Amino acid sequence: MSNPFFEPSDLPYELPPFARIRNDHFLPAFTRGMADQLAEVAAIGACAGPPTIENTVEALERSGAVLGRVRRVFFNKVASDTDEEIQALEVEITPRLTAHDDMLLLDSVLFGRLDALHGQREQLGLDGEQLRLLERHHTLRVRAGARLAPEQQRRLRELNAHIASLCTEFDQNLRVATADAALVLDRAEELAGLPADQIAAAAENARALGHPGKFVLSLKNFSCQTELAALEDPALRERLLAASLGRGIDSNGPIAVTLAGLRAERAALLGYPSHAAWEVADRTAGTTDAVEELLGRLVAPAVANAEREGAALAEAAGVAEIRAADWQYYSERVRKERYDLDAAALRPYLELETVLHDGVFHAAGLVYGITFTRRPDLVSYHPDAHVYEVHDADGSPLGLYIGDFHARESKRGGAWMNSLVVQSHLLGQRPVVVNNLDVAKPAAGEPVLLTWSEVNTLFHEFGHALHGLFSDVRYPLLSGTQVPRDFVEFPSQVNEVWADWPEVLAHYARHHLTGEPMPAELPARLREAENFGAGFRMVEHQAAAVLDWAWHTLSADGDVPGEDEVEEFEAAALERYGLAMAAIPPRYRTGYFAHIFNHDYAAGYYGYRWAEVLDADTVRWFRENGRSIRESGEIFRRELLGKGGSVDPLAAFRAVVGRDAEIGPLLARHGLTD
């Protein structure tokens, strides 16, 4: 049989033919895909006559079809369903891909054609999207070093290859460290306090991991594990948090130090004082000073809020000072006492399939008019990953959505969105997008009950999916979520508002056994209780953001710490920014901060807060603009979600809201207005 990546898929929406794809297809497809694209780019450079949009920029957009297909499927598999063979191939192929990308970005002939077009762009009569495409291709190459001397480019290629290999090593180390840090328990009684379905899920997890008859608490990818809110045994809480905070420090700490140094050297080579300065120059923040101003403005009120919360928890616990391992546990006690709200009591009303169909999909219908139909005839990459066809309000086909919500040994932790097919009118492609969560899988036949945090995560990730599904652009480079890193979280955070929108919540929050709706008073109490804990959440997140910032504002002139100084570096950074609170660890520590040491959030974790300024202001607009939800949704989709990267992102925001963003709604959301 021919390699399934060599030709476009004949399945609906060009869904990859997963039933035919084998591991041994990947390397030949990568090899051919890279060779094909290099030949295509060489043909562009050899094109007779002067460069034009059609023979240079659009030709570049059409190049690399085979490589694009295999690349998207392979790295989706790396994240969602890996094995030893795939991990070995990842180690082999990552530096080759990095070198290939450098060849495209640093190709002097191609850059000469793009540079000539860019120089006369105002005289070419381009439409807005063509101009944006030309500017992005030109900017990407200038930022990648196209203007550097040959010897500087040689060193740049070495740095890029080394960085890419270390990022892969960090990720693979983290998988091992996270698995090794799981707690294996002998008796169900040790898990006292956890709901019965979570204890059953721990037993099923143990069976799947080769510990039949035992109970395993596998770690989520963030610091404060969700079980800390319910486990009654303080010693077990301490063990669980210690396992979470300590993972990866030995194996990944030295890698983080090396990565920070290499990124600083690369930034200096490109003419920037730090990696952060290089990154932010191509984001909506624009400057490191703007990021520093936002981070600084939020620290003091967040810490004050968290200190008030900590005092209340210490009083509830009868101690002088609350421990980090006990914070979540006593938070739940205080919420129950103050607001008569038991978080565990919400879970029977939050069954996964109901939340998905009657909550997430229902909200998308209310706001945007779209519908979802399960397609069991379409095979996905894993039995847990289900395919849905998406139709627009007029019944026309829009794309495919794949939901993959369960944790498993072959899947990395966390929650994310991927694109398997990128929307493009130039290529005649509609989008195929994937959402991943890591919800524990129960025993066969048992319901999957979510926490309120997991419900919000599902709505959040679906916001990314909508950004991909609604893309309505000509060119692949500008499609969907291909926007600045500190803007990409904005649409997903907006989508969280529908989780507790009264009309939506009433539609999905029903008891999984009786069908009874969630008691009417619970949503109001839930919103009140959410305010208690805002200080913790903000400090936890800000602490992670400043760790990222500290690593990536290092310069290349010798201020990078030693490989055995990671924990000291973390402590100094938190102290410097006023976030050294022993009871609130950063949401991610260096050893497992995959966002910044394996993915493309380096010097960008601040972007969640930066985007939340836009998000909170947009939510206010949805509530107060005087239009119906459906009318507002159409505006948001048309002016922002559908535009992808084809317009300036802040101009898209202004087209929706009518002005620049204001920080007031964010401060009010987190109780930081005093």
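What you see is a predicted model; the values in this text were computed from it and never measured.

Now for a negative patch on the surface. On the surface, Glu563, Asp564, Glu565 and Glu568 cluster together into a patch of negative charge. Structurally, the position occupied by Asp564 is in the loop between helix H20 (534-552) and helix H21 (566-576).

For H20, which comprises 19 residues, the first-to-last C-alpha distance of 27 Å matches the rise-based estimate of 27 Å (1.5 Å per residue) to within 8%. With respect to burial, H20 is a largely interior element, 18 of its 19 residues being buried.

Moving on to the environment of Val70. The topology assignment puts Val70 in helix H3 (residues 65-80). Taking C-alpha positions, Val70 is 38 Å from Glu570, a pair spaced 500 residues apart along the chain. Apart from residues lying up to four places away in sequence, Val70 is in contact with Phe5, Phe26, Ala29 and Phe30.

With that settled, the discussion passes to the side chain of Asp171. Take Asp171: it is sitting in helix H7 (residues 150-180). Classification of Asp171 as buried rests on a relative accessible area of 4%. In this structure, Asp171 is in contact with Glu90 and Asn598, ignoring residues within four places of it in sequence.

Within the UniProt annotation, "domain: Peptidase M3A/M3B catalytic" (unreviewed entry) is assigned to residues 231-671. The annotated region residues 231-671 carries 53% helix and 8% strand content, and the separation between its end C-alpha atoms amounts to 28 Å.

Glancing now at the pattern of salt bridges. Any two side chains of opposite charge can pair if their charged atoms end up close together. Evaluated as defined, the whole model comprises 48 salt bridges. The salt bridge partner of Asp617 is Arg659, with a shortest N-O separation of 2.6 Å. With Asp617 in helix H23 (residues 607-624) and Arg659 in the loop between helix H25 (649-657) and helix H26 (664-669), the pair connects residues that are 42 residues apart, well separated along the chain. We classify Asp617 as buried; its relative accessible area is 0%. Overall, the relative accessible area of 28% leaves Arg659 in the partly exposed class. Salt bridges here are not isolated pairs; linked through shared partners, they connect Glu151, Arg154, Arg155, Glu158 and Glu265.

Thresholds, definitions, all that
- Residues numbered from 1 in each chain as written.
- Predicted model: local features only at pLDDT ≥ 70, side-chain atom pairs only at ≥ 80, totals over all residues.
- Heavy atoms only, no water.
- Patch = residues over 30% accessible without salt bridge, like charges linked within 9 Å, V, L, I, M, F, W, Y side chains within 5 Å.
- Areas by Shrake-Rupley, 256 points an atom, 1.4 Å probe, with all protein chains shown as cover.
- Salt bridge = Lys/Arg side-chain N within 4 Å of Asp/Glu carboxyl O.
- Lys, Arg positive; Asp, Glu negative; His and termini not counted.
- Charge placed at Lys NZ, Arg CZ, Asp CG, Glu CD.
- Helix = DSSP H or I, 4+ residues; strand = E, 2+ residues; numbered from the N terminus.
- Expected span 1.5 Å × (residues − 1).
- Buried < 20%, exposed > 50% of the residue type's maximum accessible area, 1.4 Å probe, protein only.
- Contact = heavy atoms within 4.5 Å.
- UniProt positions renumbered as here; feature names shortened; annotations may be inferred.

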